[in-house]
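Here is what each chain is made of, one letter per residue.
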Amino acid sequence: WPDLRHCSEVKRLCCCESYSKAHPELVCCNPHHLSRLCELESPPPPYSRYPMDFLKPTDCPDAVPSSTETGGTNCLAPGGLSDSQVLQEPGDRSHWCVVAYWEEKTRVGRLYSVQEPSLDIFYDLPQGNGFCLGQLNSDNKSQLVQKVRSKIGYGIQLTKEVDGVWVYNRSSYPIFIKSATLDNPDSRTLLVHKVFPGFSIKAFDYEKAYTLQRPNDHEFTQQPWTGFTVQISFVKGWGQCYTRQFISSCPCWLEVIFNNR
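The following refers to the structure shown. (Residues numbered from 1 in each chain as written. Predicted model: local features only at pLDDT ≥ 70, side-chain atom pairs only at ≥ 80, totals over all residues. Heavy atoms only, no water.)

**What to know about the sheet that holds strand β8 (residues 164-169)**
Whenever strands of a sheet pair, they do so through backbone hydrogen bonds, lying parallel or antiparallel.
Inference 1: Strands sit in the order β1-β2-β11-β8-β7-β5-β6 across an open sheet of 7 strands; the sheet is mixed. Since the sheet does not close on itself, it has two edges, and those belong to β1 (10-12) and β6 (130-132), each with one partner. Averaged over all adjacent pairs, the angle separating strand axes in this sheet is 30°, with direction ignored.
Inference 2: The sheet contact formed by strand β5 (residues 118-122) and β6 spans 3 bridges and is parallel. The residue of β6 that forms the bridge with Asp 120 is Gly 130. (Pairing = 2+ DSSP bridges. Helix = DSSP H or I, 4+ residues; strand = E, 2+ residues; numbered from the N terminus. Axes fitted to C-alpha atoms, helices over the stretch in contact; angles between N-to-C directions.)

Put into structure tokens, the structure is as follows:
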């Protein structure tokens, strides 16, 4: 990284023995144990923060919306387990988030429940130990989907830390992230952030998410999971700066829903 100006511009990865140690006796200098910090763009373009598709559908009251512009919802996950059971089991504190993998408007596979503090999401074995997207059965014949699949490679790493949830781009191509906690809470815009290979970004902040749940906020009272959801697209972006206006038009993308209990 010849353009690196200060050590504050890098972040230590959880694979390093010096990770989370404030004053380690030995400081690791392995560059593969570091990632660059993603700088947020400013000012943000006029994206819509709370699209209507986040609202809870009336025909499936206990389901979690698909977060697409169609508003479509799969009330049952493959295997007959409802999404709401996975996300809202009373007293269940075993998982800190669940991950759904989508190809355009279709969800592929079951919701993946995450208990460990760090999770690798990748496409081909043996490129990680975690959520392997290549093992999911998909009927999508789109050439674009197939092309993007082949570029996911090492994918991303989700890590729950003291200050929030971080996403590290392990792949060789950019990823795109949308999260309500990445922007100004008073803003009515929501920026889709581009994260280059080798970069990390704090994609979710629990404290900010709780402050977003205002009593007079219609979207949040209708759908309490809205502020606790992060969307991530592989390779292809969406929004006003791209030809795709909605993430459901992206070939391969993830929906990460955080446990707010």
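Next, the rest of the story.
**Looking at the pairing of strand β12 (residues 229-234)**
Inference 1: The element β12 is extensively covered by neighbouring structure, given that 6 of its 6 residues are classed as buried.
Inference 2: Taking every second residue as pointing to the same face, both faces of β12 are buried, with Thr 229, Gln 231 and Ser 233 on one and Val 230, Ile 232 and Phe 234 on the other. (Buried < 20%, exposed > 50% of the residue type's maximum accessible area, 1.4 Å probe, protein only.)

**A short note on the sheet that holds strand β9 (residues 175-179)**
Inference 1: Strand order in this open sheet of 6 strands is β4-β3-β13-β12-β9-β10, and the pairing throughout is antiparallel. Edge strands, defined here as strands with exactly one partner in the open sheet, are β4 (106-114) and β10 (192-195). Looking at each pair of strands side by side, their axes are set apart by 20° on average, direction ignored.
Inference 2: As judged from the 6 bridges shared by strand β3 (residues 97-103) and strand β13 (residues 253-258), these two strands associate in the antiparallel manner. Note that in β13 the partner of Tyr 101 across the bridge is Leu 254.

**Quick look at the packing of aromatic side chains**
Each aromatic ring pair is characterised by the separation of its centres together with the angle its planes make.
Inference 1: Under the counting rule described, the total for this entry stands at 9 aromatic pairs.
Inference 2: Plain terms: the ring middles of Phe 204 and Tyr 206 are 4.9 Å apart, the flat faces sit at 85° to each other, and that makes the pair edge-to-face.
Inference 3: Residues Phe 204 and Phe 258 carry aromatic rings whose centres are separated by 4.1 Å and whose planes lie at 15° to one another, so their mutual orientation is stacked. Placement of the pair is Phe 204 in strand β11 (residues 199-204) and Phe 258 in strand β13, with a sequence separation of 54 residues. Phe 258 shares its class with Phe 204; the two are buried.
Inference 4: Members of the aromatic cluster, joined through ring pairs, are Trp 96, Phe 204, Tyr 206, Tyr 210, Phe 228 and Phe 258.
Inference 5: Residue placement shows Lys 11 over the ring face of Trp 166; its charged tip is 4.4 Å from the ring centre. (Phe/Tyr/Trp six-rings, centres within 6.5 Å; stacked < 30°, edge-to-face > 60°. Lys NZ or Arg CZ within 6 Å of the ring centre and 35° of its normal.)

**Let's talk about the side chain of Ser 233**
Inference 1: Of note, Ser 233 is situated in strand β12.
Inference 2: According to the relative accessible area criterion, Ser 233 is buried, its value standing at 0%.
Inference 3: In terms of polar contacts, Ser 233 uses its side chain to reach the backbone carbonyl oxygen of Lys 236, at 2.5 Å.
Inference 4: Once you skip the residues sitting within four places of it in the chain, Ser 233 turns out to touch Ile 175, Phe 176, Trp 238, Cys 250, Cys 252 and Trp 253. (Polar contact = N/O pair within 3.5 Å; in protein donor to acceptor, adjacent residues only side chain to side chain. Contact = heavy atoms within 4.5 Å.)

**What about unusual backbone geometry?**
Leaving glycine aside, a negative phi is the common case for residues, and trans is the common case for peptide bonds.
Inference 1: Residue Glu 104 is not a glycine yet carries a positive backbone phi of 55°.
Inference 2: You can see Glu 104 is positioned in the loop between β3 and β4.
Inference 3: Positive phi, normally seen in glycine, also occurs at Val 235, with a value near 70°.
Inference 4: With respect to the secondary-structure elements, Val 235 resides in the loop between β12 and β13.

**Focus: the environment of Ile 177**
Inference 1: Looking at where Ile 177 falls in the secondary structure, it is placed in strand β9.
Inference 2: Exposure remark for Ile 177: the relative accessible area of 0% places this residue in the buried category.
Inference 3: A sequence separation of 77 residues divides Ile 177 from Leu 254, and the C-alpha atoms of the two residues are 9.5 Å apart.
Inference 4: Ignoring anything within four residues of it in the chain, the contact list for Ile 177 reads Val 167, Leu 182, Leu 191, Val 192, His 193, Val 195, Ile 201, Ala 203, Val 230, Gln 231, Ile 232 and Trp 238.

**Comments concerning the pattern of salt bridges**
Inference 1: This model, assessed by the stated rule, comprises 7 salt bridges.
Inference 2: For Arg 36, the salt bridge is made with Asp 3, and the minimal N-O distance between the two is 3.1 Å. Within this pair, whereas Arg 36 is found in strand β2 (residues 34-37), its partner Asp 3 is found in the segment before β1, the two being separated by 33 residues in sequence.
Inference 3: Relative accessible area serves as the criterion here: at 8%, Arg 36 is assigned to the buried category.
Inference 4: Here Asp 3 falls in the partly exposed class, since its relative accessible area comes to 49%.
Inference 5: For Asp 205, the salt bridge goes to Lys 202, with nearest N and O atoms at 3.1 Å.
Inference 6: When salt bridges that share partners are traced, they join Asp 3, Arg 5, Glu 9 and Arg 36 into one network. (Salt bridge = Lys/Arg side-chain N within 4 Å of Asp/Glu carboxyl O.)

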